[in-house]
Amino acid sequence: MSNDKEQTLIVLIGPMGAGKTTIGRLLAQRLNYDFYDSDAVIEDSTGASVSWIFDKEGEIGFRQRETKVIDELTQKKQAVIATGGGAILAKENQQYLQRGFIIYLQASVDVQYERTYRDRHRPLLQTANPKEKLKALFDIRHPIYTQLADLIIVTGYLSPKKMLQEILKQLPPQSP
Ligand code: S3P
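Anyway, here's the lowdown on the structure attached to this text. (Residues numbered from 1 in each chain as written. Predicted model: local features only at pLDDT ≥ 70, side-chain atom pairs only at ≥ 80, totals over all residues. Heavy atoms only, no water.)

## Description of the packing of aromatic side chains
(1) Moving on: Applying the stated criterion across every chain yields a total of three aromatic pairs.
(2) Moving on: With a centroid separation of 5.0 Å and an interplanar angle of 40°, the aromatic rings of Phe54 and Phe62 are classed as tilted. Just as Phe54 is buried, Phe62 falls in that class too.
(3) Moving on: Ring centres 5.4 Å apart and planes at 25° place the aromatic pair Tyr113 and Tyr117 in the stacked group.
(4) Moving on: Residue classification places Tyr117 among the partly exposed residues on the basis of a relative accessible area of 36%. (Phe/Tyr/Trp six-rings, centres within 6.5 Å; stacked < 30°, edge-to-face > 60°. Buried < 20%, exposed > 50% of the residue type's maximum accessible area, 1.4 Å probe, protein only.)

## Re empty space enclosed by the protein
Leftover empty space is mapped by rolling, across the atoms, a probe with the size of a water molecule.
(1) Moving on: One pass over the full model with this rule turns up one cavity of 30 Å³ or more.
(2) Moving on: Contributing to the lining of the largest cavity are Pro15, Met16, Tyr104, Gln112, Leu134, Leu137, Phe138, Arg141, His142 and Tyr145.
(3) Moving on: Among the elements that line the lining of the largest cavity, the one with the most residues is helix α6 (residues 130–148), at six residues.
(4) Moving on: For the lining of the largest cavity, the residue count by class is seven nonpolar, two polar and one charged. (1 Å grid on protein atoms, 1.4 Å probe; cavity = no way out; pocket = protein on both sides within 12 Å on 5 of 7 lines; lining within 4 Å. Points joined across faces, edges and corners; volume = space filled by probe spheres on them. Helix = DSSP H or I, 4+ residues; strand = E, 2+ residues; numbered from the N terminus. Nonpolar A, V, L, I, M, F, W, Y, C, P; charged D, E, K, R; others polar.)

## Remarks on the environment of Tyr104
(1) Moving on: Topologically, Tyr104 is positioned in strand β4 (residues 101–106).
(2) Moving on: Looking at Tyr104, the relative accessible area reads 0%, which means it is buried.
(3) Moving on: Placed 91 residues apart in sequence, Tyr104 and Ile13 show a C-alpha to C-alpha distance of 4.9 Å.
(4) Moving on: Excluding anything up to four places from it in sequence, Tyr104 contacts Ile13, Gly14, Pro15, Phe138, His142, Tyr145, Thr146, Ala149, Leu151, Ile152 and Ile153. (Contact = heavy atoms within 4.5 Å.)

Written out as structure tokens, the structure is:
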């Protein structure tokens with residue numbers, strides 16, 4: 001990790017179903033940091049669900065809102081941020097995310113599918129073949145997640161509690 005990174009900002013990236021919100025919440029509790037979920041912040045500030053925004057404004061509209069929120073959230077300190085799976089796509093976002101220590105929660109397409117196939121709230125997966133969509137997204141995004149990551153944790157095998165321990169073992173010391 002480069003020294004100019006904010007030691008007290010932790011950013012979780014990774015695909016839908018990787019467990020960013022669950023792990024982010026646990027990590028924040030453990031470190032006594034604030035927790036933010038970028039999708040939830042977008043929904044609160046818009047007063048509408050992610051699905052509604054995709055429907056009315058298209059993915060482009062959602063991504064514009066996401067960039068604004070990612071810029072705001074990554075200026076926080078003593079915070080853990082869980083980001084939406086596509087938050088790593090825009091170059092601008094990549095720069096903002098690098099204000100923090102970035103953890104990539106990596107999940108296989110099978111694990112992602114298992115955890116998301118019943119979900120009606122993820123607009124990108126409302127297709128005839130969501131598994132194929134997850135695979136296509138993985139192929140595009142995995143290299144970006146990997147390149148941005150300061151730490152990679154594979155999910156789907158360990159309980160959230162064990163994953164938290166794994167992360168804490170590998171996290172650089174948090175400045176007070
Ligand atoms: C998206 C992931 C979602 C949400 C939106 C788009 C994506 O967040 O931001 O539906 O592009 O992968 P989660 O990763 O929290 O499900």
